[in-house]
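The lines below spell out each chain.
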Amino acid sequence: MNQPSTDHTRAERHADWVERDRTRIWHGFTQMSTFAENAPIIVERAEGRELIDVDGWRYLDAISSLWVTTLGHNLPELNEAIVDQLGRVSHTIMLGHGNKATIELAEALTPRVPVADPRFLFASDGAAAVEQALKIAFQYWVNQGVEGRDTYLSFGGAYHGDTIGSVSVGADGFGTDIFNPLRFDVVRAPGFDDPACMTEAVRMIAEHRDSLAAVVVEPLVQGAAGIQVLGAEHFLPLAAACREHDVLLLVDEVATGFGRTGTLFASDQIRSLGEFAPDLMAIGKGLTGGYLPMSATVAAGHVANAFLGPDLGPNTLYHGHSFSGNAASAAAALAHLRLFDEWDVLSQVQSAAAHMADALAAQVAALPQVRQVRQCGLMVGIELAPPADGLLWGRKTAKSCVQQGVLVRPLGDVIVLMPILTSTSDEIERMVAATSAAIAQLG
Ligand SMILES: Cc1ncc(COP(=O)(O)O)c(C=O)c1O
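Residues numbered from 1 in each chain as written. Predicted model: local features only at pLDDT ≥ 70, side-chain atom pairs only at ≥ 80, totals over all residues. Heavy atoms only, no water.

**Here's the deal with the overall build of the chain**
- In terms of regular secondary structure, the chain is built from 14 helices and 17 strands.
- For the chain, the spread of C-alpha atoms along the three principal axes comes to 70 × 55 × 45 Å.
- Here the chain holds 443 residues, and 53% of them are scored as buried.
- In the structure as shown, the chain presents an accessible area of about 19100 Å², 55% of it carried by carbon and sulfur atoms.
- Looking at charge distribution, the chain has the averaged site of its 30 positive side-chain charges lying 4 Å from that of its 51 negative ones. (Helix = DSSP H or I, 4+ residues; strand = E, 2+ residues; numbered from the N terminus. Buried < 20%, exposed > 50% of the residue type's maximum accessible area, 1.4 Å probe, protein only. Areas by Shrake-Rupley, 256 points an atom, 1.4 Å probe, with all protein chains shown as cover. Lys, Arg positive; Asp, Glu negative; His and termini not counted. Charge placed at Lys NZ, Arg CZ, Asp CG, Glu CD.)

This is the structure in structure tokens:
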């Protein structure tokens, strides 16, 4: 283990917490009958980029706590911003009323998002932000009297969350196939692992132009597909086809947003090459620096304006969650944006990403157990090459990393490294060394 200890009471304490957890908690995407066997850590607190478990053992957070943490854990600046807001109010109704913190956040995001004249509909999870966007795209056409725009184009390998709408636009293969009778049909372009995916998507947009409400896409990186990366230039023809055929473009930046790919939004890299103006965008995860739940659907002004009309009339968007626009989350998000600039986080991402690329090339890429290493900014997928099915190489690698004091979580046989954006060179080295050692033991 990462901190060898002869203190048996410690080991018992950990086992006790795991048992209490297993008895009462139902973990997402987790088979609870084997929960205890897969080296779960039970966190008590955290400092910076390290998680500290109930026994005081430390783990480098190489997965950014499910891709949400941007600057580090337990930062005084973010804690203070939240506590300060709590001293005034933590949550108030957003249906028909507002709060100061959320207005300030929306104003601060306005010049930063790649959406023209943006309006923010807040929610709590990424899936809800996508779900809202799907409903907005559908109603946008209805409100204008355009009939038949009732489907979406999305991509193979796509992951957009776990609500029924978001699993419908998401691809098969995330254990969601069981819900097929509930999922609605979409027009499905190939995944980013197929070099022809965008050519095919463009062709499909022309073919289905009369029935498409929107095209839904993860810009640059399909995260849950195992970090499948596609160059920024490929997204320009997609946007052009949406413009030409008058189909809304919905970008899902839940995973790629807030610095992950080296720019604030992945869309920024596409926009630096040409015209790319999403009509809708979903953000979440890093919006609050990973401190409190908050997501948002960002709608361009021309989309939002299609919902204007008489009070209580049919043009209204009849959708809104209880915790939409939570003031404590908004205060965290606002402080996070300020720190992001003050600390020049994007420069840190660029140098950490370069360091990561060098370390992976030196220690991981040539291992015989590795099929491919994919990286965009600080999103890394190491695809393993098990000689047969069912060997659980991803699982075994992650378990070994945890035992070396580095927390990772695999996606099948792809090891994902998703470091906190402020990770130091030493920490990047530690992650790669642990992963390399874990992979080298496979066979
Ligand atoms: C691209 C993308 N969209 C949506 C989601 C769903 O976000 P949440 O888990 O917050 O519902 C995720 C989660 O990983 C994601 O990667």
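Past the structure itself, the notes keep going.
**Examining the sheet that holds strand E15 (residues 406-407)**
- Spatial strand order, E1-E2-E3-E15: four strands in an open sheet with mixed pairing. Strands at the two margins of the open sheet, each flanked by one partner only, are strand E1 (43-47) and E15. (Pairing = 2+ DSSP bridges.)

**Focus: the site of the ligand**
- Residues in close proximity to the ligand include Trp-67, Asp-125, Gly-126, Ala-127, Tyr-159, His-160, Gly-161, Glu-218, Asp-252, Val-254, Ala-255 and Lys-285, which together make up its full environment.
- Between Gly-126 and the ligand, the recorded distance is 2.8 Å, taken from a backbone N or O atom to an oxygen atom.
- Within the side chain of Lys-285, a nitrogen or oxygen atom sits 3.0 Å from an oxygen atom of the ligand.
- Within the complex, 84% of the 390 Å² of free accessible area of the ligand lies under protein.
- Partitioned by chemical class, the residues of the shell around the ligand number five nonpolar, three polar and four charged. (Near = heavy atom within 4 Å. Polar contact = N/O pair within 3.5 Å; in protein donor to acceptor, adjacent residues only side chain to side chain. Nonpolar A, V, L, I, M, F, W, Y, C, P; charged D, E, K, R; others polar.)

**Topic: the side chain of Glu-253**
- As for its position among the elements, Glu-253 is in the loop between strand E10 (248-252) and helix H9 (266-271).
- The side chain of Glu-253 is buried and forms no salt bridge, while Arg-271, the nearest opposite charge, is found at 8.4 Å. (Salt bridge = Lys/Arg side-chain N within 4 Å of Asp/Glu carboxyl O.)

**Points about the sheet that holds strand E16 (residues 409-411)**
- Across the sheet, four strands lie side by side as E13-E14-E17-E16; this open sheet has antiparallel pairing. If you trace the sheet from one side to the other, it starts and ends with strand E13 (370-376) and E16, each paired once. Direction aside, neighbouring strands of the sheet carry axes that sit 25 degrees apart on average.
- Those strands touched by helix H12 (residues 345-363) are E13, strand E14 (379-384) and strand E17 (414-417), and its axis lies near 170 degrees from that of E13.
- Relative to the sheet, helix H14 (residues 425-440) contacts E13, E14 and E17, its axis offset from that of E14 by approximately 10 degrees. (Axes fitted to C-alpha atoms, helices over the stretch in contact; angles between N-to-C directions. Contact = heavy atoms within 4.5 Å.)

**Quick notes on the pairing of strand E7 (residues 212-217)**
- Counting buried positions along E7 yields six of six residues, so the element is predominantly enclosed.
- Examined bridge by bridge, strand E5 (residues 151-155) and E7 share three bridges and lie parallel to one another. Each bridged residue has a counterpart across the sheet, and for Thr-151 the counterpart in E7 is Leu-212.
- With four bridges joining them, E7 and E10 adopt parallel strand pairing. Among the inter-strand pairings, Val-215 is bridged to a residue of E10, identified as Leu-249.

**Here's the deal with a nonpolar patch on the surface**
- Where nonpolar side chains cluster on the molecular surface, the patch consists of Ile-164, Ile-178, Phe-179 and Leu-182 and spans about 400 Å² of accessible area.
- Counting through the fold element by element, Ile-164 comes out in helix H6 (residues 164-169). (Patch = residues over 30% accessible without salt bridge, like charges linked within 9 Å, V, L, I, M, F, W, Y side chains within 5 Å.)

**Comments concerning the domain arrangement of the chain**
- Under the domain assignment, the chain is made up of domain 1 (8-71 + 344-440) and domain 2 (78-342).
- Averaged C-alpha coordinates put domain 1 and domain 2 at centres separated by 27 Å.
- Opposite the 28 residues of domain 1 that make contact, domain 2 presents 29 residues.
- A buried area of about 2200 Å², summed over both sides, lies between domain 1 and domain 2, and 65% of it is on carbon and sulfur atoms.
- Three residues stand out in domain 1 for area buried against domain 2, namely Trp-67, Cys-376 and Met-379, and they jointly supply 26% of the buried area on that side.
- Taken together, domain 1 and domain 2 are joined by zero salt bridges.
- Residue assignment for the side of domain 1 that touches domain 2 shows that the elements contributing at least two residues are helix H2 (64-67), H12, E13, E14 and E17.
- In terms of residues, the side of domain 1 that touches domain 2 owes the most to one element, H12, which gives four residues.
- The residue inventory of the side of domain 1 that touches domain 2, partitioned by class, reads 19 nonpolar, seven polar and two charged. (Domains from an automatic or database assignment. Buried area = accessible area lost by both parts, 1.4 Å probe.)

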